[in-house]
Amino acid sequence: MIITVFFYFFVAVTAIQIIYYLSFLSFLSAKKKKSNNIKNLPISVIICAKNEAQNLQKYLPSVINQKYNDFEIVLINDASSDDTLEVMENFEKKNNNIKIVDVKNIEAFWGNKKYALTLGIKAAKNEHLLFTDADCLISSDNWISEMSTRFNEEKTIILGYGKYAKTKRSLVNLLVRYETLLTAIQYFSYAKLGSPYMGVGRNLAYTKSDFFKTKGFISHLHIRSGDDDLFIQDAASNTNTTICTSLDSFTVSDAPTSLQEWFRQKRRHISTSDYYKFKHKFFLGLFYTSKVFFYMLSIIFLIYNWKISLPLIILYYLICYISVGLSAKKLQETQVLFFLPFLEIFLLLFQFTIFIANSISKPVHWK
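Engineer: Sorry, what's going on with the pattern of salt bridges here?
Structural biologist: Opposite charge on two side chains makes pairing possible when the charged atoms of those side chains draw close. Tallied over the full model, the rule gives 10 salt bridges. A salt bridge links aspartate 141 to lysine 67; the nearest nitrogen and oxygen atoms lie 3.6 Å apart. Of the two residues, aspartate 141 is situated in the loop between β5 (136-138) and α6 (143-148) and lysine 67 in the loop between α3 (53-64) and β2 (71-78); the sequence distance between them amounts to 74 residues. For lysine 67, a relative accessible area of 58% gives the class exposed. For the salt bridge of arginine 150 with glutamate 146, the shortest nitrogen-to-oxygen distance reads 3.2 Å. Overall, arginine 150 belongs to the partly exposed group, its relative accessible area being 23%. Each of Lys113, Asp133 and Asp227 takes part in salt bridges that share partners, so that together they form one network.

So this is what it looks like as structure tokens:
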């Protein structure tokens with residue numbers, strides 16, 4: 001009797017996982033429609049940098065060299081202690097479309113990136129804003145064009161993809177890229193299904209009007225992280241948000257090189273999920289919880305009676321590989337498919353470890 005109940009539970013969690021993976025196909029299956037998207041909008045590209053002198057030297061030219069007629073670059077020096085401001089000033093001398101906002105630490109907003117970003121947004125001269133980070137390489141000189149053409153009178157928030165560069169023969173790099181891919185699959189598909197819940201500050205666009213309509217970051221200013229996902233929680237809706245997944249719209253960052261570095265980074269990111277809307281916390285939690293039970297019960301029933309469990313496990317992996325495979329192909333991360341079962345299990349354990357760490361103490365600084 002107990003085994004029967006557990007088997008039905010196994011069927012249920014497998015079904016939940018399959019439904020999730022089928023829903024993840026939504027951002028791939030949407031047909032292109034004729035739209036009233038506006039071309040050649042004046043754009044303000046905003047980059048907030050704290051101790052990023054070397055990265056600015058390396059990556060800022062990929063922003064400066066964009067093939068776009070009308071854009072400015074707002075560089076925000078967030079109280080850096082290195083040569084960040086000097087590097088910005090050198091670029092400013094050579095490019096008349098660069099504006100610098102030099103932020104000094106004040107006691108009320110000590111080390112708060114959102115305060116620095118707010119000053120940069122206020123200084124931007126254009127209504128339409130495009131955000132990236134100082135350590136991001138823009139993958140194409142059509143990045144601004146690709147992201148900005150998604151704007152129209154209705155769509156005022158654009159979610160882009162910020163991927164990580166590949167490193168050969170690096171297990172950590174593979175894990176980071178898989179987690180980034182899975183996160184992107186989720187926030188793209190949620191947005192296409194009418195329930196946007198996050199974006200990444202490495203590649204995100206919205207209007208000044210959206211920013212001021214939600215009173216900026218005021219509702220979560222006390223939280224050190226979340227200038228991207230918590231803003232989307234406040235500002236995004238099923239009508240004003242869309243996605244951009246064209247290859248020319250990607251940004252590329254160097255991935256963390258060690259598990260310790262990645263662990264610190266993900267602690268900051270995951271800590272913000274406590275402040276998500278209930279429906280998003282519920283459905284995101286259900287996805288990971290059902291996956292944990294799927295793997296636990298798979299092991300139990302493979303030992304107890306593999307003949308009844310194996311068809312369910314095969315069906316799960318078939319759907320999983322189709323969903324993740326098509327998404328990985330679109331977002332150029334097909335290498336992860338060769339290690340998918342291992343990556344799934346490791347990521348579950350990794351996220352559980354972060355959950356325990358964040359339950360004990362919260363990360364407090366963005367840099």
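Engineer: How should I be thinking about the sheet that holds β5 in this particular structure?
Structural biologist: The pairing of strands in a sheet comes from backbone hydrogen bonds and takes either a parallel or an antiparallel form. One open sheet holds the three strands; their spatial order is β5-β10-β7, and the pairing between them is mixed. At either margin of the open sheet sits one strand with a lone partner, and together these are β5 and β7 (162-164). Between one strand axis and the next, the sheet turns by 35° as a mean value, whatever way the strands run. Bridge count between β7 and strand β10 (residues 251-253): three bridges; the pairing is parallel. By the bridge assignment, lysine 163 is partnered in β10 with valine 252.

Engineer: Looking at this model, I keep getting lost on helix α4 (residues 84-94). Mind explaining?
Structural biologist: One full turn of an α-helix is made of 3.6 residues, so residues set three or four places apart face in the same direction. Within the span of α4, buried status applies to Thr84, Val87, Met88 and Phe91. Along the axis of α4, the buried positions cluster into a sector of 100°, meaning they face one direction only. Close packing links the buried residues of α4 with β1 (43-49), α3, β2 and β3 (98-103).

Engineer: So what exactly am I meant to see when it comes to a nonpolar patch on the surface here?
Structural biologist: Among the surface-exposed residues, Phe9, Val292, Phe293 and Met296 lie close enough to one another that they form a single nonpolar patch of about 320 Å² accessible area. If one sorts the elements of the nonpolar patch by residue count, helix α11 (residues 278-330) sits on top with three residues. Examined against the element boundaries, phenylalanine 293 turns out to sit in helix α11.

Calculation notes
- Residues numbered from 1 in each chain as written.
- Predicted model: local features only at pLDDT ≥ 70, side-chain atom pairs only at ≥ 80, totals over all residues.
- Heavy atoms only, no water.
- Salt bridge = Lys/Arg side-chain N within 4 Å of Asp/Glu carboxyl O.
- Helix = DSSP H or I, 4+ residues; strand = E, 2+ residues; numbered from the N terminus.
- Buried < 20%, exposed > 50% of the residue type's maximum accessible area, 1.4 Å probe, protein only.
- Pairing = 2+ DSSP bridges.
- Axes fitted to C-alpha atoms, helices over the stretch in contact; angles between N-to-C directions.
- Arc of directions from axis to C-beta.
- Contact = heavy atoms within 4.5 Å.
- Patch = residues over 30% accessible without salt bridge, like charges linked within 9 Å, V, L, I, M, F, W, Y side chains within 5 Å.
- Areas by Shrake-Rupley, 256 points an atom, 1.4 Å probe, with all protein chains shown as cover.

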